[in-house]
Amino acid sequence: MFKKEMIAMLLAGGQGSRLGVLTAKVAKPAVAFGGKYRIIDFPLSNCINSGIDTVGVLTQYQPLRLNTHIGIGIPWDLDRNVGGVSILPPYEKSSNSEWYTGTANAIYQNLNYMETYNPDYVLILSGDHIYKMDYEVMLDFHKANKADVTIAAMPVPIEEASRFGIVVTDSENRIKEFEEKPEKPSSNLASMGIYIFSWPVLRDALIKLKDQPNCDFGKHIIPYCHGKGDRLFAYEYNGYWKDVGTLSSYWEANMELIDIIPEFNLYEEFWKIYTNSASIPPQYISEQGVVDRCIISNGSEIYGEVHSSVLGSGITVGKGSVVRDSIIMQGVTIGENCVIEKAIIAEDTVIGNGAVIGIGSEVPNKMKPNIYSGGLATIGENSVIPPGVQIGKNTAISGVTSIEDYDNGVLESGETLIKAGDRV
């Protein structure tokens, strides 16, 4: 048995259904963000920047790309003989086998992993938020208050508070009430889904509630600890934090990176964001190429125009093409004389010559209006957009490759075109 003061358990099994076709074949934490990064890079980088060298990553839904990206943790300096990063999928036990059925159930199923390190404290994290936080400062707060549980919390607009777990605190930040997604919130201090537990308290709660169906931290563990009189405190955070769980919030968070003075800065020397980057050539911008207010990653070749957009690695933008207000993920090929406006185009997609994406009026999406909204055109990975095709707003395309799939070469605003068997 090895002794660690604090270990992190990173919940990264999310299906991310509100990201639609972007997560048809990949877990939400593995979705690209900010050009060369993936969403999970941010909590992993927070861990190593905070001095936490033991991280269990709990995976479930479509884990292959996530596992490949993390590997043995070399980019985050988490390739350790003792500790480091460990991928923790559901596995078959001697008596039974079951999927993770809730956030706390996932942690409970990995009790043996945690006991291996005999920690004093356990940090619970989500793998799908964009932020920078020094968890060591949060731990100091936990110790100073002799807390059993510390919940990272931040103020949110009161009209949005019902979407979150809400804490009500006294003058010393001790939690008096905890409400999970209340209809009428008593405060606007929202849980960020980041918890530090003293290990005996967490272990007791997980074992006591092991038979609770779909056991969850916000719905079950926190109320249980509060109900039996444990010392719960709120650690108030006032920095940048974004849940990129919807296409609109994902697009907005990427666009915020290219502000003149971005609220979330990728370039700070003292708090680096690490990622698993392939060894690829530098970017190339031709004599005719025009680039304005963009993030463009290595290996991309720009022969047309790119404005106010975020481009991953290995992208080609052909001559005469114009890309605006868009997120283009790695390996995408954009042909010549294309026009792309306010689109999210996933990895390894091919856009044929003369295609126009993001035109027309904003008509609500007929299949999933709550997902495909905000005027975005969303194209899933490995799609092929035939030459000359016109695609409207609030649209979604995944897996289709043929001009015969389009009605007279057009996908009207509000329509979807999804290959049979793909999740929408």
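Residues numbered from 1 in each chain as written. Predicted model: local features only at pLDDT ≥ 70, side-chain atom pairs only at ≥ 80, totals over all residues. Heavy atoms only, no water.

### A look at unusual backbone geometry
A positive phi angle, close to 70 degrees, is found at N173, a residue other than glycine. With respect to the element layout, N173 can be found in the loop between β9 (165–169) and β10 (175–180). Using a relative accessible area of 29% as the deciding quantity, one classes N173 as partly exposed. The phi dihedral of K181 falls on the positive side, at around 50 degrees, and the residue is not glycine. (Helix = DSSP H or I, 4+ residues; strand = E, 2+ residues; numbered from the N terminus. Buried < 20%, exposed > 50% of the residue type's maximum accessible area, 1.4 Å probe, protein only.)

### Remarks on the sheet that holds strand β14 (residues 284–285)
Pairing in this open sheet of six strands is parallel, and the strands run β14-β17-β20-β23-β26-β29 from one edge to the other. What marks the edges here is a single partner per strand, and that holds for β14 and β29 (384–385). Summarising the sheet, strand β23 (residues 333–334) and strand β26 (residues 350–351) pair through two bridges and their orientation is parallel. Each residue of the ladder has a partner; that of I334, found in β26, is I351. (Pairing = 2+ DSSP bridges.)

### With respect to the environment of E381
Of note, E381 is situated in the loop between β28 (377–379) and β29. Separated by 81 residues in sequence, E381 and S300 place their C-alpha atoms 17 Å apart.

### Here we look at the sheet that holds strand β32 (residues 410–411)
Taken together, seven strands build an open sheet; the order of strands is β15-β18-β21-β24-β27-β30-β32 and the sheet is parallel. The sheet is open, and its two edges are formed by β15 (290–292) and β32, each paired on a single side.

### Focus: the environment of H69
Its location among the elements puts H69 in helix α2 (residues 64–70). Taking relative accessible area as the criterion, H69 reaches 7% and is therefore assigned buried. Remark: the alpha-carbon pair of H69 and A30, spanning 39 residues in sequence, is separated by 7.8 Å.

### Section: the nonpolar core
Core analysis: the biggest nonpolar cluster contains 72 residues, and M133, Y135, I194 and Y250 have the highest contact counts within it. In terms of residue count, helix α8 (residues 247–256) provides more of this core than any other element does, five residues in total. The residues contacting M133, other than those within four sequence positions of it, are N46, S50, M138, A152, M192, I194, Y235, Y237 and W271. (Core = buried A, V, L, I, M, F, W, Y, C linked by side-chain atoms within 4.5 Å. Contact = heavy atoms within 4.5 Å.)

### With respect to helix α5 (residues 135–144)
Of the positions making up α5, those classed as buried are Y135, M138, L139, F141 and H142. Down the axis of α5, the buried side of the element spans an arc of 155 degrees, and every buried residue falls inside it. Structurally, the start of α5 carries an N-cap: the backbone nitrogen of E136 is 2.9 Å from a side-chain oxygen of D134. At the exit of α5 stands K146, carrying a positive phi of roughly 50 degrees. (Arc of directions from axis to C-beta. Polar contact = N/O pair within 3.5 Å; in protein donor to acceptor, adjacent residues only side chain to side chain.)

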